[in-house]
Amino acid sequence: MRYYVRKLGFYLVALWAALTLNFFIPRMMPGNPVDALLGKLQQRGGQVGPEVRESFEALLGSDSGEPLWNQYFTYLGNLARGDLGIATSAFPAKVSDVIGQSLPWTVGLVGIATLLSFALGVVLGAVVGWKRGSWLDHLVPATTVLSAVPYFWLALIFVLIFSSQLGWFPLNHGYDVALSTGWNWEFISSVIEHGTLPALTIVVSSVGGWLLGMRNMMVSTISEDYILTAQAKGLRNRRIMSRYAARNAVLPSVAGFAISLGFVVSGSIITEQVFSYPGIGSRLLSAVQNSDYALMQGIFLVITVAVLGANLVIDLLYGAIDPRTRVEN
Amino acid sequence: MTTLEVRDLVKDYPIRSGLRRSTLRAVNHVSFTLTPGRTVALVGESGSGKSTVAKTIARLEKPTGGRIVATKEDGTPVRDREYRDHVQMVFQDPFASLNPFHTIEHHLARPLRLHGRARSAEETRRGVAQLLERVNLTPAEDMAPRRPHELSGGQRQRVAIARALAPGAQVVIADEPVSMLDVSIRLGVLNLLARLQREDNLAVLYITHDLATARHFSDDILVMYRGRVVERGPADEVILNPRHSYTQLLAKAAPNPDERGRSLADSPGAITREDLGRGFDHTTGSWYEFDRPVSVPLQGAGPEVARS
Amino acid sequence: MTNLSPLPGGADESAPPVGGTTDPIATAPRRGRNGLRALLPSWSPKLGIGLFLVLGIALFGIVGPPFFPNPNAIDPIGMTEPSGEYLLGTTQTGQDVLAQLAHSTRGSLQIGLLVGVLATLLSALFGIVGGYLGGAIDEGFSLFTNVMLVIPGLPLVIVVAGFVPAEDRGWWTVALVLAVTGWAAAARVLRAQTLSLRNRDYVAAARVAGEKRWRIVSVEILPNLLPLLASQFVFAVIAAILAEAGLSFLGLGASNSHTLGTMLYFAQNGFALQYEAWWWFVPPGLLIALFGCGLALINFSIDEIINPKLRITRQVKAVGDVAEAAVAGHEAVTESSPDERRDDLVLTVRGLNVVYRSERPVHAVKDVSLTLRRGEILGLAGESGCGKTTLAYAINRLHRPPAEVTEGSVTFHDRSGQDIDLLALENEELRAFRWSKLSMVFQGAMNSLNPVITIHEQLDDVLTTHEPGMSKEERRARCAEVLTLVGVDPQRLDSFAHELSGGMRQRVMIAMAMLLNPQVMIMDEPTTALDVVVQRGILREIIRLRDELGFAVIFITHDLPLLLELTDRIAVMRAGEIVEYAPAEEIYASPRHEYTRRLLESFPSLTGDRGSFIRTGESASRTEPPAASANERAQP
């Protein structure tokens, strides 16, 4: 019980920290950001109505003499109502709508690829760790080469080989633009076809980390006494490996999975850039390029909240798979 | 010569279970005095609070209540700043109490310097050599540059004893000093400790779970159970003629080949309910009452209490 | 930033806070390699390749640039393939790719190094200082670290970069931002390790010696963290170089300097891929990959220092294996003629030899012969390292490489009249034999029970494997039955190991050993870690159950007085050999071997004379204690 209360408390603090960070970053910048940004926006021929200025001021602070903490509470209040302002780059769409459109793409692609990579890495790591010292084990350092390659470089080379040269996969985008979006087979198969290569690149570049971590934990676990006991009990090897060794060795990987989610999201931004995928990462980049600060901050918030939420879920799950976390002292 | 007096020592640890907080009283009104040239043994099972007493005397823990006062030969109390010149400790596990990164010399030179027993490099070197010779680690110049992993358990414990002597301490707390060592070298280490005690007229607190060495190594024995001293007195009296049912239980439970005929299947006895609320002092030959009885242990976690 | 797992080598920082499962450093006795030498990784091909790659590339970046022409010089020849003049060809604007590569390597190294140093300093500050000081500061630092960890880094960097105008974005700005967003994972690992080191006795000893706090942190704790810090530093450098490349690719990198990332950015924007200008696009990426790979290989070696279990011990193959000669040709199961077998024997060990085939072979068990009668309790006495545990494991063939049985035989005389040659059993036969005929109780029941599954599942496992015919209800009933036998409430079946006391765990282990009614139980120091009263209770159970069920016991311990009371016969072991083997009364009354006598003398009698003890406070005229006893040698 205490474990869950503490975890919830922690995530509330983390959420608050992220919101506050988001509030203060623009205000720490020199000069009056609102004027500067509006000027920039006007240069690009953007629409500058009073509502835009208002939303900028709510987000970025104004020199209207309103005390900082007042602005801070207005900001928190707006967030509580789900009001993230107006996206100037997609005027007059609301930020929340823009995010709502692109979020499912990212969650689908990156979520599936990451889970796949995690599962693959853990299973392979368990097998390699169980048979340590065998020829399989000597392949482990090779997987780190894949991890040390800059991800986008690997992805671009994959695109060159599999899309441009071999023509197995489409070059980019999330689906065939000629099709209308909808829940029909034609569209879904197009989405799958377009998503396979990006997913593959994510798996290839991240599986080595999971594999190595799991393999090392497996090697440590095998020298535990309960493994010896299990062998003395005459259990079958397969059962010892899964129920006794891997079951314990996977715990740090699960905890590590939570921590690495932030890294995963970061990776997705680059993935989406390489493949021109219509997800939230490419939205964030285009927001930066178009100086759409409301959208930029909105997306940062959504990403942060999503990562925090996923972390919370994994932490609660961890409490379920490791009975020891539930007791304290 | 230094005398150390422990008076009414109380130590509480906070425990959290669920959202409730409570305290565990690890040491409950313990008093005794360590005098030069004499050894007091503190005997008890794990969880009896004997190691907590050691840690509070070594000032690794702050007592919740009571006083620990060291008095110098001239009758003046030892001030806080010089406390560690007078009171030192030998730890249980010689594999853990020496830093694997540092040489033996480092372990002995630091206390010599810290406590002003050596000022120059030459003095330090001589001091280290002297200490090593006193604990039979010779040749000293060969031992000093070694690292802990190059020494056996018994040798390490000798280094730990030398370290405790380095500041010129008059009071030595030995927390289970031989329980981690191989059996055949235990007596050697205890005999060494006894010799050093004679030579320097040290006051020693010997903490152990082993009744037999406690009896032979010390002058007085205090038996602790759940934070309380339940029986105290001269060593032979307490062991050969135990009065408290807990001490009787301990004595019966210990393997004793002299009584090989007895049936192991017999119950070694139990603590009587009456004894949970009192302790026996052999020097006065009388029982003393606790203000509150000792709490009954969880089922299966310790010796059983007779259900009357 | 995207690829590498943030936990180098599956570090243990995420291990659960309670229950105290093993911290590899705490448990593995690091004998043999400690102190300064332990800080240097042992030489291996992996380390060699890693150092070669890293040093080579670093040299290219540090020394290289002055040897090449101005990387920005434009040549109207445009994009050309590698040639004599331009070894790696030119870019779209005719710039020399090789010259760019040298300058960019230097730029990337600068950023990597700066981030590595900054991130390591930050993580050391928050991890080590917080971990050592504890209390409110630690709580605060730890909360801050965790918040920094869960807030996704790159989006934050992008948002920050979005606000900082491109012209203000120098390489050091990028480095600063990367360091600030990249230290948290390392701080968590360092904090966990510091917490564990802080509770070591040598830190307590330093406090008792009167050392100051800063000195304890810097002199006693920090040196022992160096391998971990080195590993974190290496990891931070890889992560920084990769992250910088990613940022540059997004157009948010350092604007005024050459890095491998910006080089790739220009290559991508110059359509190097589309024109198939591999000489422009491939080298920078490959250089990053090789450098990262080199660092990762170095990290492998550092990880092996941090966690010695990861080291692969090479088994030295013996020439002309004696074991095979001894074992081959045996039929595993033979029907022995009644006249040559003694009815009451259950186990015979003949001339058993076990050798650890490491680089310096250790003959752990030498020519050991033992017999065990039905229902007998046989004591195996000896000190640490005498080979008693190796012997016990070899009987059941549980010894692990590099240990190897080189000679001898172990025969099990089954109740049914069959003789089973244990050393000749095939894998599947051996598996079926284990536990059903011979079970074991190990020292330290905390570690013998799987911490994350219930007692019931672990008992049940035995039955599902060995008695596939039993129904679920029958199995549960049997589990409850054996628990009742050892005096544990069957309601405890659904408990986890950490919910039981030490004595109860050991009772559960004994219950588990009895599940299949074995004929022999080997008990390896089953009561050593327990208090005497609890130990006594367990010994009572063993005797009672033996009387009821009639199994034989091999009881291994260093506690000779206990064996004298408990057992029928005792074998005293030293240095792999049995030096004395006799009934318990004989060992007690008239020990023949000098070592047995010394062992006996080591246990002063509780009620009798003092033996070789010298009482304190008595006159110094008594004999001096013997000098360090002869067998007190440094461990190999």
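Residues numbered from 1 in each chain as written. Chains lettered and ligands numbered in written order. Predicted model: local features only at pLDDT ≥ 70, side-chain atom pairs only at ≥ 80, totals over all residues. Heavy atoms only, no water.

Moving on, we get to the overall build of chain B. For chain B, the count of helices and strands is ten helices and eleven strands. For 308 residues, the compact-globule estimate of 2.2 N^0.38 gives 19 Å, and chain B sits close to it at 21 Å. On the principal axes, the C-alpha backbone points of chain B span a range of 70 × 45 × 45 Å. (Helix = DSSP H or I, 4+ residues; strand = E, 2+ residues; numbered from the N terminus. Rg over C-alpha atoms; globule rule 2.2 N^0.38 Å.)

When helices and strands are tallied, chain A shows twelve helices and zero strands. The buried share of chain A, reckoned over its 329 residues, is 55%. Sequence-distant contacts in chain A: of pairs separated by 6 or more residues, those separated by 24 or more amount to 72%. Accessible surface, chain A as shown: approximately 13900 Å² in total, 65% of it carbon and sulfur. (Buried < 20%, exposed > 50% of the residue type's maximum accessible area, 1.4 Å probe, protein only. Contact = heavy atoms within 4.5 Å. Areas by Shrake-Rupley, 256 points an atom, 1.4 Å probe, with all protein chains shown as cover.)

All right, on to the sheet that holds strand 9 (residues 228–234) of chain B then. Strands belonging to one sheet form pairs held by backbone hydrogen bonds; the direction of such a pair is parallel or antiparallel. Residue and element names in this part refer to chain B. Here we have eight strands laid out as an open sheet, ordered 5-6-7-3-8-9-10-11, and mixed in their pairing. The two strands at the open ends of the sheet, each matched to only one other strand, are strand 5 (87–90) and strand 11 (286–289). On average, adjacent strands in this sheet sit at an angle of 20 degrees to one another, irrespective of strand direction. (Pairing = 2+ DSSP bridges. Axes fitted to C-alpha atoms, helices over the stretch in contact; angles between N-to-C directions.)

Residue and element names in this part refer to chain C. Taken together, the side chains of Leu59, Ile62, Val63 and Phe67 define a hydrophobic patch exposed on the protein surface, amounting to about 450 Å² of accessible area. Within the secondary structure layout, Ile62 lies in helix 3 (residues 45–63). In this structure Ile62 comes out as exposed when scored by relative accessible area, which is 54%. (Patch = residues over 30% accessible without salt bridge, like charges linked within 9 Å, V, L, I, M, F, W, Y side chains within 5 Å. Salt bridge = Lys/Arg side-chain N within 4 Å of Asp/Glu carboxyl O.)

This part is about the interface of chain A and chain C. At the interface, 94 residues of chain A touch 91 residues of chain C. Looking at the side of chain A facing chain C, the largest losses of area belong to Trp153, Lys233 and Arg324 of chain A, adding up to 9% of the total buried there. Our count for the chain A to chain C interface comes out at three salt bridges. With its nearest N and O atoms 2.5 Å apart, the salt bridge here joins Arg239 of chain A to Asp461 of chain C. At the level of elements, helix 1 (2–28), helix 6 (140–148), helix 7 (151–165), helix 8 (185–222), helix 9 (225–232), helix 10 (237–275), helix 11 (280–289) and helix 12 (293–321) of chain A are the ones that each hand at least two residues to the side of chain A that touches chain C. It is helix 10 of chain A that provides the largest number of residues to the side of chain A that touches chain C, a total of 20 residues. Tallied by class, the residues present in the side of chain A that touches chain C amount to 54 nonpolar, 27 polar and 13 charged. (Buried area = accessible area lost by both parts, 1.4 Å probe. Nonpolar A, V, L, I, M, F, W, Y, C, P; charged D, E, K, R; others polar.)

A word on the pairing of strand 11 (residues 577–583) of chain C. Residues and elements named next belong to chain C. Here six bridges tie strand 10 (residues 569–574) to strand 11, and the two strands are oriented antiparallel to one another. In the strand pairing of strand 11, Val572 is matched with Glu580. Hairpin connection between strand 10 and strand 11: a loop of two residues separates the two successive antiparallel strands, and Ala575 in this loop has a positive phi of roughly 50 degrees.

This part takes up the pattern of salt bridges. Within this structure, the stated rule accounts for 40 salt bridges over all chains. With a shortest N-O distance of 3.3 Å, Glu211 of chain C and Arg215 of chain C are connected by a salt bridge. Owing to a relative accessible area of 11%, Glu211 of chain C belongs among the buried residues under this scheme. Each of Arg239 and Arg243 of chain A together with Glu457 and Asp461 of chain C takes part in one network of salt bridges that share partners.

Residues and elements named next belong to chain A. If you check UniProt for "transmembrane region" (unreviewed entry), the listed places come out as residues 7–25, 105–130, 151–171, 191–212, 249–275 and 295–318 in our numbering. Spanning residues 7–25, this segment combines 100% helix with 0% strand, and its end C-alpha atoms are found 27 Å apart. When the span residues 191–212 is considered, its composition is 100% helix and 0% strand, and the gap between its end C-alpha atoms is 32 Å. (UniProt positions renumbered as here; feature names shortened; annotations may be inferred.)

Nonpolar side chains tend toward joint burial in soluble globular proteins. Phe152, Met218 and Val274 of chain A together with Leu250 of chain C are the most contacted members of the largest nonpolar core, which has 154 residues in total. The dominant element in this core, judged by the number of residues it contributes, is helix 10 of chain A, at 18 residues. Look past the residues within four positions of Met218 of chain A in its chain and what remains in contact with it is Gly125, Ala126, Gly129, Trp130, Met241, Ala245, Ala246 and Ala249 of chain A. Val183 of chain B together with Ala381, Ile455 and Ile556 of chain C belong to the second-largest nonpolar core, a separate cluster that totals 95 residues. (Core = buried A, V, L, I, M, F, W, Y, C linked by side-chain atoms within 4.5 Å.)

Another point: the pairing of strand 3 (residues 362–373) of chain C. Residues and elements named next belong to chain C. Relative to strand 3, strand 2 (residues 345–356) runs antiparallel, the two being bridged by eight bridges. Its bridge partner being in strand 3, Val354 is matched across the sheet by Val365. Counting the residues that bridge the hairpin from strand 2 to strand 3 gives five residues.

A word on the environment of Pro67 of chain A. With respect to the element layout, Pro67 of chain A can be found in the loop between helix 3 (50–60) and helix 4 (68–80). Here the alpha-carbon distance between Pro67 of chain A and Ile270 of chain A, two residues 203 residues apart in the chain, equals 39 Å.

On to the packing of helix 6 of chain A against helix 12 (residues 278–306) of chain C, then. How two helices pack is summed up by the angle between their axes together with the distance between the axes. Running from amino to carboxyl end, helix 6 of chain A crosses helix 12 of chain C at an angle of 135 degrees, the nearest separation of the two axes being 8 Å. Considering the angle they form, helix 6 of chain A stands oblique to helix 12 of chain C. Our pair here, helix 6 of chain A against helix 12 of chain C, has a crossing hand that is right-handed. Residues Val140, Pro141, Thr144, Val145 and Ala148 of chain A of helix 6 of chain A touch helix 12 of chain C, and the partners they reach there are Ile288, Ala289, Gly292, Cys293, Ala296, Leu297 and Phe300 of chain C. The residue makeup of the contact of helix 6 of chain A with helix 12 of chain C, split by class, is ten nonpolar, two polar and no charged. (Parallel < 35°, antiparallel > 145°, perpendicular 65-115°, else oblique. Left-handed = near helix turned anticlockwise from the far one by under 90°.)

What follows concerns the packing of helix 17 (residues 455–466) of chain C against helix 18 (residues 472–485) of chain C. Residue and element names in this part refer to chain C. Closest axis-to-axis distance for the helix 17/helix 18 pair is 10 Å, and the angle between their directions is 120 degrees. Considering the relative orientation of helix 17 and helix 18, their crossing is right-handed. From helix 17, His456, Leu459, Asp460, Leu463 and Thr464 reach across to helix 18, where they touch Arg475, Arg476, Arg478, Cys479 and Leu483. Here the contact of helix 17 with helix 18 is built from residues that sort into four nonpolar, two polar and four charged.

What follows concerns the side chain of Ser48 of chain B. When you line up the elements, Ser48 of chain B lands in the loop between strand 3 (39–43) and helix 1 (50–57). In this structure the side chain of Ser48 of chain B is engaged in a polar contact, spanning 2.8 Å, whose partner is the backbone oxygen of Glu45 of chain B. (Polar contact = N/O pair within 3.5 Å; in protein donor to acceptor, adjacent residues only side chain to side chain.)

Secondary-structure assignment places Arg215 of chain B in helix 8 (residues 211–217). There is a polar contact of 2.6 Å between the side chain of Arg215 of chain B and the backbone oxygen of Leu606 of chain C.

As a rule of thumb, non-glycine residues mostly have phi less than zero, and peptide bonds are mostly trans rather than cis. All names here are of chain B. With an omega dihedral of -5 degrees, the bond running from Thr138 to Pro139 counts as a cis peptide bond. When you line up the elements, Pro139 lands in the loop between helix 4 (121–134) and helix 5 (140–143). A positive phi angle, close to 50 degrees, is found at His29, a residue other than glycine. Within the element layout of this structure, His29 appears in strand 2 (residues 20–34). The phi dihedral of Asn136 falls on the positive side, at around 65 degrees, and the residue is not glycine. With respect to the secondary-structure elements, Asn136 resides in the loop between helix 4 and helix 5. Classification of Asn136 as partly exposed rests on a relative accessible area of 27%.

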